[in-house]
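Architecture and fold: a report
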Amino acid sequence: MTWWTYDSMVLNVNLLVVSLASYDPFADTGEDSDIKAANYIHIRIQQRNGRKTLTTVQGLPADLDQKRILKAFKKEFACNGTIVQDEDLGEVIQLQGDHRLKIQQFLSGEGIVSKDKIKIHGF
């Protein structure tokens, strides 16, 4: 006689199948929040290869000239950068290297946006 029964084996297999179900962490969470609704400026960091990183800035007000801001960032932080057009997010500024805190200080110091409207994401 075995210590398990057929019912417990089916239950364990069902639990295993449920736990192995694919999970997409980037899928919609069901919340109906619009990306631009909060009017925050999001500063994110992305890991490239090795030690290389990429800092992205999105959500800058539309009345600001993105090219002039990018030029000021590149001169101030001594890095290269570009503006990428995204379907959902609009214009996104990309800078080479980790400049999250410098960008926050620059934007709040120049009076472009207050510090509480800036969200920093990443490690």
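Residue positions within a chain follow its written sequence, with the count starting from 1. Local features are withheld for residues below a pLDDT of 70 in this predicted model, meaning they are given only at 70 or higher, and side-chain atom pairs are given and counted only at 80 or more; totals for whole chains, interfaces and linings count all residues. Calculated side-chain values reflect all of the structure's heavy atoms, with hydrogen atoms and water omitted.

The name given to the chain in an unreviewed UniProt entry is Eukaryotic translation initiation factor eIF-1, with the source organism recorded as Rhizophlyctis rosea. UniProt positions are given in the numbering used here, feature names are shortened, and annotations may be inferred rather than shown by experiment. Of the chain, the UniProt comment under Sequence similarities (unreviewed entry) reads exactly: "Belongs to the SUI1 family." Under the UniProt heading Function (unreviewed entry), the note attached to the chain is "Probably involved in translation."

Of regular secondary structure, the chain possesses three helices and five strands. A total of 123 residues make up the chain; the buried ones form 25% of that total. Partitioning the intrachain contacts of the chain with sequence separation of at least 6 by distance along the chain shows that 49% fall at a separation of at least 24. Surface accessibility follows the Shrake-Rupley procedure with a 1.4 Å probe radius. Residue values consider only the protein chains on display as shielding. With the model as given, the accessible surface of the chain reaches about 9,500 Å², and the carbon-plus-sulfur share is 52%. Elements are defined by DSSP. Helices are runs of H or I of four residues or more, strands are runs of E of two residues or more, and each kind is numbered from the N terminus. In this scheme, a residue with accessible area under 20% of its type's maximum is buried, one over 50% is exposed, and one in between is partly exposed, where area comes from a 1.4 Å probe on protein chains only. Whether two residues are in contact is decided by their heavy atoms: any pair within 4.5 Å suffices.

The definition of a nonpolar core used throughout is a set of buried Ala, Val, Leu, Ile, Met, Phe, Trp, Tyr and Cys residues joined through side-chain atoms within 4.5 Å. Counting 16 residues, the largest nonpolar core has I41, V57, F73, I93, L95, I103 and L107 as its most contacted members. With four residues, helix 2 (residues 66-77) is the single largest residue contributor to this core.

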